[in-house]
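Spelled out from the first residue to the last, the chains are:
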Amino acid sequence: MKRQYVFLFIFLIVSGALSGQDCTARFTYSIINKIKNSVMIKFTSTMKGSAKYLWDFGDGINSDLQHPVHTYIITSKKDFTVTLKVTSGGCSDKETQTLSFSDEDCSAAFTYEVIKSDKNSADVRFTVSEPVPSASYRWSFGDGKGTKKMNPTHRYKVSGEKKFTVKLTVKAGSCEDKKVQVITLKTSEPEPAPEPTPEPAPTEICTADFIYEAISIAPSRATVRFTSKMGDASKYEWSFGDGKNSTDKNPVHVYVIIAKKVFEVTLSVVKSGCTDKKTKTITIGETGEVAKVECSADFSFEIKKYQGNGGVVQFTSAMTGASSYKWDFGDGHTSMDKNPSNVFDLSKTRIYTVTLEVKKDTCTDKKTKKVEFPGDMESPGEKKSECTAEFSYTIIRQDNTKGLVQFASGLADSLAVFDWDFGDGIKSAKKNPVHTYDITSKQQFQAVLKVTKGGCSDTQKQLIDFKKGLCTAEFTVKIVYNDGNKARVEVTCKASTPDADFTCNFGDGTISKEWNPVHTYNIALKKKYTITLRVRKGDCDDQSEQGISF
């Protein structure tokens, strides 16, 4: 990739070493992301210690964070003068740098996907990773043919396995980039579609459980957000215990605290003839502080499919907003996901004991249930499959560019042949491989496992979805300053993209929309707070909480 950014540095240093104190307004910056006409920049102040920061990004936007992230909109103006002013005691210093951006940007990186195949041909779709509408494209497919389309589909005449060298040349203004990639195509007779496995009917139709949190507090008043755990009911009826009601799905209610401080809140839900009701008691202090939300480790599960010696089960936690989820499936497998799936080995037993432990602030809860597969495992009439391609996966680690995934085959037989296709052009013959995905331009991949043993062959597919990880609400909190009266904290978001929608509630009535915000508490009034982070991007919505004490 060839990017043509020009950064001109103009330093204006104003020294103000007053009262013997030292402050320096030096800063650096780096590009986090560039999409079409916008550039996301992370600015980093080199100043150490306590100080006040005032950033002027040169486009009318300011910030008082130490290390802000800012997005520039590149239209007709491409030069921006950035100024940082640092003040510490009687010392003040200022630095100015000019950033210049060029809209000439081109990349010939591309991906490909086999969308159709038979014994004599393969249809391949090619997709440019960073498209530029005004650029020109020239493809050479390696079989004597080519095209000038941006994202073409090409049919290769091939029988068996063959390699092709694909070349792409991209030009945009004075920018030119080339990419060469060798692809391997393997054609075969199409496999018959597997017979659908009937899914068992759900055991529960409606559940009226809910959670709540204080979103602002004041003397004699508290604003509380209620969130239903059931997302698809036809009717919601809330009674807040103070004579007020609501029919909203997730209402926000203001309590006025005069004499009564304990309220019975009731939610009733209706769906397809099913009606359920849940009542919880909430306590609100004289200062408007709502008592800590309880935590519950209850969960449900559904047997999605079982074939031969493998059984696939989907687990769903009844609690949202926990700081951690710890699953023990009773077969040596574990997971930290909120709603994981697991492949059980039915050749050993058809009954497994599954345990979920959840944590939220200082609250810890644990729940154990038995998962029982139907059928007599000792029955002589039961036909054991020689091979099954059932598998599970766990996203071990994810950031803005890479996703590390652990795959686990549900087949205990080590003599079988395993053929993994991770959906990104990479394959493996290991039984339980670990694979790293490049999720810079694509967040969903179709993973395929084919298992062969003797005359038995089975194939299974699963969609590996990294989109939810793009708005993960995990975060850490660091106290950077505390003098007994005021305390400053830094919130650092984990595994999230800076261009998501962030809402950080510090628990003292202050809310920030910044990525990695910094906040100062007045700890002379209160020593303990709950920080709530909510992250949203597209259809992804995640939330978590942490308590902090001074």
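Everything numeric in this text was worked out from a predicted model, so none of it was measured. (Residues numbered from 1 in each chain as written. Predicted model: local features only at pLDDT ≥ 70, side-chain atom pairs only at ≥ 80, totals over all residues. Heavy atoms only, no water.)

1. Some words on the overall build of the protein chain
And step 1. Along its length, the protein chain carries zero helices and 45 strands.
And step 2. Counting every position in the protein chain, which comprises 550 residues, the buried fraction comes to 39%.
And step 3. Considering only intrachain contacts with a sequence separation of at least 6, the fraction spanning at least 24 residues in the protein chain is 56%.
And step 4. When the accessible surface of the protein chain is split by element, carbon and sulfur atoms take 49% of a total near 29100 Å². (Helix = DSSP H or I, 4+ residues; strand = E, 2+ residues; numbered from the N terminus. Buried < 20%, exposed > 50% of the residue type's maximum accessible area, 1.4 Å probe, protein only. Contact = heavy atoms within 4.5 Å. Areas by Shrake-Rupley, 256 points an atom, 1.4 Å probe, with all protein chains shown as cover.)

2. Some thoughts on the nonpolar core
One recurring pattern in soluble globular proteins: nonpolar side chains tend to sit buried together.
And step 1. By size, the foremost hydrophobic cluster in this structure holds 22 residues, and its most contacted members are Phe126, Tyr137, Trp139, Tyr156 and Leu168.
And step 2. Looking at this core, the elements that each hand over two or more residues are strand S12 (121-128), strand S13 (136-140), strand S16 (161-172) and strand S17 (175-186).
And step 3. The biggest single contributor to this core is S16, with five residues.
And step 4. Core analysis: the second largest hydrophobic core is formed by 21 residues, Ala222, Leu267, Ile282 and Ile284 among them. (Core = buried A, V, L, I, M, F, W, Y, C linked by side-chain atoms within 4.5 Å.)

3. Considerations on the sheet that holds strand S15 (residues 153-157)
And step 1. The three strands lie next to each other as S11-S12-S15, forming an open sheet whose pairing is antiparallel. Two strands lie at the open edges of the sheet, namely strand S11 (110-117) and S15, each paired on one side alone. Between one strand axis and the next, the sheet turns through 30° on average, direction left out of account.
And step 2. Sheet analysis places S11 next to S12, joined by seven bridges and oriented antiparallel. Among the inter-strand pairings, Glu113 is bridged to a residue of S12, identified as Arg125. (Pairing = 2+ DSSP bridges. Axes fitted to C-alpha atoms, helices over the stretch in contact; angles between N-to-C directions.)

4. Notes on the packing of aromatic side chains
And step 1. In the structure shown here, the tally under the stated rule is 41 aromatic pairs.
And step 2. Centroid distance Phe43 to Trp55: 5.5 Å. Interplanar angle 50°. Geometry classified as tilted. With Phe43 in strand S4 (residues 38-45) and Trp55 in strand S5 (residues 52-56), this pair connects stretches of sequence that are twelve residues apart.
And step 3. Accessibility expressed as a relative area gives 0% for Phe43, which makes it buried. (Phe/Tyr/Trp six-rings, centres within 6.5 Å; stacked < 30°, edge-to-face > 60°.)

5. Brief notes about the pattern of salt bridges
And step 1. Taken as a whole and assessed by the stated rule, the structure comprises seven salt bridges.
And step 2. Residue Asp209 is joined to Lys229 by a salt bridge in which the shortest nitrogen-to-oxygen separation is 3.1 Å. Of this pair, Asp209 sits in the loop between S17 and strand S18 (210-218) while Lys229 sits in the loop between strand S19 (221-228) and strand S20 (235-239), and the two are 20 residues apart along the sequence.
And step 3. You can call Lys229 partly exposed: its relative accessible area is 27%.
And step 4. The salt bridge partner of Lys369 is Asp298, with a shortest N-O separation of 3.3 Å. Taken together, the positions of Lys369 in strand S31 (residues 363-372) and Asp298 in the loop between strand S24 (274-283) and strand S25 (299-307) put the pair 71 residues apart, joining distant regions of the chain.
And step 5. We classify Lys369 as partly exposed; its relative accessible area is 24%.
And step 6. Accessibility expressed as a relative area gives 32% for Asp298, which makes it partly exposed.
And step 7. Because the salt bridges share partners, they merge into one network encompassing Asp209, Lys229 and Lys280. (Salt bridge = Lys/Arg side-chain N within 4 Å of Asp/Glu carboxyl O.)

6. What about the sheet that holds S17?
And step 1. Pairing within the open sheet is antiparallel, and its four strands lie in the order S14-S13-S16-S17. Every interior strand has two partners, whereas the edge strands, strand S14 (146-147) and S17, have only one.

7. A short note on the side chain of Asn342
And step 1. Take Asn342: it is sitting in strand S29 (residues 341-345).
And step 2. A relative accessible area of 3% places Asn342 in the buried class.
And step 3. In terms of polar contacts, Asn342 uses its side chain to reach the side chain of His333, at 3.1 Å. (Polar contact = N/O pair within 3.5 Å; in protein donor to acceptor, adjacent residues only side chain to side chain.)

8. Quick word on the confidence of the model for the protein chain
And step 1. When pLDDT is averaged along the protein chain, the result is 79; 80% of the residues meet or exceed 70.
And step 2. Note that pLDDT drops below 50 for residues 1-20; the model gives that stretch 54 contacts with residues more than four away or on any other chain.
And step 3. Below pLDDT 50 for its whole length, residues 197-204 participates in five contacts with residues either more than four positions away or in separate chains. (pLDDT = per-residue confidence, 0-100.)

9. Quick look at the environment of Lys277
And step 1. Summarising the element assignment, Lys277 is placed in strand S24.
And step 2. In this view, Lys277 contacts Ala208, Thr266, Leu267 and Ser268; residues no more than four positions away in its chain are not counted.

10. Description of the side chain of Ser268
And step 1. By secondary structure assignment, the location of Ser268 is in strand S23 (residues 262-271).
And step 2. For Ser268, a relative accessible area of 14% puts it in the buried group.
And step 3. Not counting residues within four places of it along the chain, the set of residues in contact with Ser268 comprises Lys235, Tyr236, Glu237, Asp276 and Lys277.

11. Overview of the pairing of S20
Looking along a regular strand, one sees side chains alternate from face to face of the sheet.
And step 1. Side chains of S20 alternate between two faces, with Tyr236 and Trp238 buried and Lys235, Glu237 and Ser239 left unburied.
And step 2. With five bridges connecting them, S20 and S23 associate as antiparallel partners. Looking across to S23, one finds that Tyr236 is bridged to Val269.
And step 3. Where S20 and strand S21 (residues 245-246) come together, two bridges link them in antiparallel fashion. Among the inter-strand pairings, Trp238 is bridged to a residue of S21, identified as Ser246.
And step 4. Here S20 folds back onto S21 in antiparallel fashion, the turn holding five residues, of which Gly241 has a positive phi close to 85°.

12. A few points about the environment of Ser228
And step 1. Note on placement: Ser228 falls in strand S19.
And step 2. The class of Ser228 is buried, set by a relative accessible area of 8%.
And step 3. In the structure, Ser228 is positioned 39 residues away from Leu267 in sequence and 8.2 Å away in space, judged by C-alpha atoms.
And step 4. Sequence-distant contacts of Ser228, that is, excluding residues within four places in its chain, are made with Asp209, Phe210, Tyr236, Trp238, Lys249, Asn250 and Leu267.

13. Side note on the environment of Ile531
And step 1. Counting through the fold element by element, Ile531 comes out in strand S44 (residues 528-537).
And step 2. The class of Ile531 is buried, set by a relative accessible area of 0%.
And step 3. Ile531 has contacts with Phe475, Val477, Cys504, Asn505, Phe506, Tyr521, Ser544, Glu545, Gln546 and Ile548, leaving out every residue within four places of it along the chain.

14. Comments concerning a positive patch on the surface
And step 1. Residues Arg138, Lys148, Lys167, Lys171 and Lys178 make up a contiguous surface patch of positive charge.
And step 2. Tracing the backbone through its elements, the reader meets Lys167 in strand S16. (Patch = residues over 30% accessible without salt bridge, like charges linked within 9 Å, V, L, I, M, F, W, Y side chains within 5 Å. Lys, Arg positive; Asp, Glu negative; His and termini not counted. Charge placed at Lys NZ, Arg CZ, Asp CG, Glu CD.)

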